[in-house]
Amino acid sequence: MTAINKHSQRILLVDDEMVILESCRSCLNTAGWSDVLIESDSRLVLPLLEREEVDVIVLDLRMPNITGIELLPQIVREHPQIKVIVATASNEVETVVNCMKNGAFDYMVKPIDVKRLLTSVKKALEMRSLSNELSALKSYMFSDRLDHPEAFAGIVTRNKAMRAVFQYLEVIAGTRQPVTITGETGTGKELIARAIHDMSGCSGDYVALNVAGLDDNMFSDTLFGHRKGAFTGADQARDGLITRAAGGTLFLDEIGDLNEMSQIKLLRLLQEQEYYPVGSDFVKKSDARIVMATNRDLQEMIKQGKFRNDLYYRLCGHRVHLPPLRERRDDIPLLLDHFLEKAAERLGKKKPTPPPELAVMLTLYPFPGNVREFEAMVSDAVLRHTSGVLSMETFRAVIGNERPAPQGDPATGKADGESPLCGIFGHFPTLDEVEQYMISEAMKMAKGNQGLAGKILGMGRQTLNKRLKSQPA
Ligand SMILES: Nc1ncnc2c1ncn2[C@@H]1O[C@H](COP(=O)(O)OP(=O)(O)OP(=O)(O)O)[C@@H](O)[C@H]1O
């Protein structure tokens, strides 16, 4: 069995009254669940479950032949993955308690309230989807395999953390649940969004929108469209990008930049799959899968009151974080080779050979612009390259101006042994920085008395005086 949940989620309604079955099915269909089976003969339920994959069952307890009370434990035993919601008459408190003890997921009192039915089914389907993911993740944990390597073909990596991200995405790609991708600028978030779409099995398009800099009007109009006459100049109704993404994926980039009003609209879209075109009072439904990305620290933004807490928690459902390049230095040689080849091909040149010391130099650089910066650097070097071994000049021009990151585990980029100096300076300090720091601390302890501070530091007053004069103000 593939780890990806490709089939749309299926609901089975069991009741001996055909009218109830038909009306519940129609409510579920209207709410967007198209795959609903009905069964009025309780004797046929178990054979049906042998043939068909079902995610949630709404089971009437009082039926002729085999009752729901008798069926429930058999379903739970033979198909523990199915979530069963039982439907009871109002005076059956004890029966409900027993059913819950016997493994029912939820219960409803008859006559069935439509709102209650929809909420309970939605919850059960979400739980079912989570259990699917969990069992797929468990099986992945013991292997390093990818079921869909082709979806990640454009993402060059051999890093373990990135491979774990790929495996997680394979598990959740088919679920249609929203996904949030976090990571610094240039780490490959958009490539990942594309891969999620490619693996989802959706027939619709992949549509991307960068929301940075859009005010609420622009955001709503671009995404949700408008009705005719909604504002001056709106002489035609126009669909938004969400319509283009129907049955496909909508990628919203830079969601950390969304203003307050747009955040509320995004929350509604994520929670209810609903939106209003600008100027319209008629709500529309969307089945587009939403993938979002940000390079901002959303938790920090919540503290500053710039991002909604409820939206954040909604985004947390499926979240992947892409490590910065400095935390996956084992990818640098692979990426160097990939970008050399790509640039040479684009520029119609022979792929240059990099000097061996280049890889070492690159592993010392912190890459604040991550893979995008690396690609630009290599592309520039190939552009300037004429023949023979690739020149180090382009790299030196950038890297030479930066202090190298401390050496450590090349795969994680973490400094060896967690130096306490990093805790004080925020980075591994230079000797000059340490000297300045010690002098200023000693002067504080000696309350400005240079003779005493000199003694603390183990140097003469005059030497200290000289050093103090040579320090930057
Ligand atoms: N692992 C990778 N392999 C090959 N190319 C990569 C990889 N990661 C990123 N890139 C390239 O780096 C560039 C930046 O990637 P991308 O736009 O996906 O980053 P991002 O995280 O979305 O950036 P931003 O936050 O600035 O929008 C693109 O040209 C992309 O093709």
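Residues numbered from 1 in each chain as written. Predicted model: local features only at pLDDT ≥ 70, side-chain atom pairs only at ≥ 80, totals over all residues. Heavy atoms only, no water.

In the annotation of an unreviewed UniProt entry, the chain is listed under the name Sigma-54 dependent transcriptional regulator and assigned to Geomonas oryzisoli.

Enquirer: Describe the overall build of the chain, listing the residues and the values that go with them.
Expert: Within the chain, the secondary structure is distributed over 20 helices and 14 strands. For 473 residues, the compact-globule formula gives about 23 Å, and the C-alpha radius of gyration of the chain, at 30 Å, lies well above that figure. Each of the three principal axes of the chain carries a C-alpha extent, and together these read 100 × 60 × 55 Å. By residue count, 43% of the 473 residues in the chain fall in the buried class. Accessible surface for the chain amounts to roughly 24,800 Å². Of this, 54% is attributable to carbon and sulfur atoms. Considering the chain, the positive charge centre built from 58 side chains and the negative charge centre built from 63 side chains are found 6 Å apart. (Helix = DSSP H or I, 4+ residues; strand = E, 2+ residues; numbered from the N terminus. Rg over C-alpha atoms; globule rule 2.2 N^0.38 Å. Buried < 20%, exposed > 50% of the residue type's maximum accessible area, 1.4 Å probe, protein only. Areas by Shrake-Rupley, 256 points an atom, 1.4 Å probe, with all protein chains shown as cover. Lys, Arg positive; Asp, Glu negative; His and termini not counted. Charge placed at Lys NZ, Arg CZ, Asp CG, Glu CD.)

Enquirer: Can you break down the layout of surface pockets residue by residue, with the values?
Expert: Sizing a probe to match a water molecule and rolling it over the atoms shows the empty space that remains. Considering only enclosed or pocket space, the second largest pocket measures out at about 440 Å³ in volume. Contributing to the lining of the second largest pocket are 23 residues, with G186, T187, G188, K189 and L191 lying nearest its centre. Broken down by secondary-structure element, the contributors of at least two residues to the lining of the second largest pocket are helix 7 (189-200), helix 13 (332-347) and helix 15 (370-384). By residue number, the principal contributor to the lining of the second largest pocket is helix 13, which donates four residues. Taken together, the residues of the lining of the second largest pocket break down into seven nonpolar, eight polar and eight charged. Summarising the domain contributions, the lining of the second largest pocket has at least three residues from each of domain 2 (144-321) and domain 3 (325-399). (1 Å grid on protein atoms, 1.4 Å probe; cavity = no way out; pocket = protein on both sides within 12 Å on 5 of 7 lines; lining within 4 Å. Points joined across faces, edges and corners; volume = space filled by probe spheres on them. Nonpolar A, V, L, I, M, F, W, Y, C, P; charged D, E, K, R; others polar. Domains from an automatic or database assignment.)

Enquirer: Explain the site of the ligand to me, using residue names and the numbers behind them.
Expert: Around the ligand sit 18 residues in total, of which V156, T185, G186, K189 and R372 are the nearest. Between the ligand and the protein, one listed contact pairs an oxygen atom with a side-chain N or O atom of K189 at 2.7 Å. Within the contact set of the ligand, an oxygen atom lies 3.3 Å away from a side-chain nitrogen or oxygen of E375. Here the ligand has 630 Å² of accessible area as a free molecule, and 86% of this is covered by the chains. Most atoms of the ligand, that is more than half of them, are within 2 Å of grid points of the second largest pocket. (Near = heavy atom within 4 Å. Polar contact = N/O pair within 3.5 Å; in protein donor to acceptor, adjacent residues only side chain to side chain. Sits in = over half its atoms within 2 Å of the grid points.)

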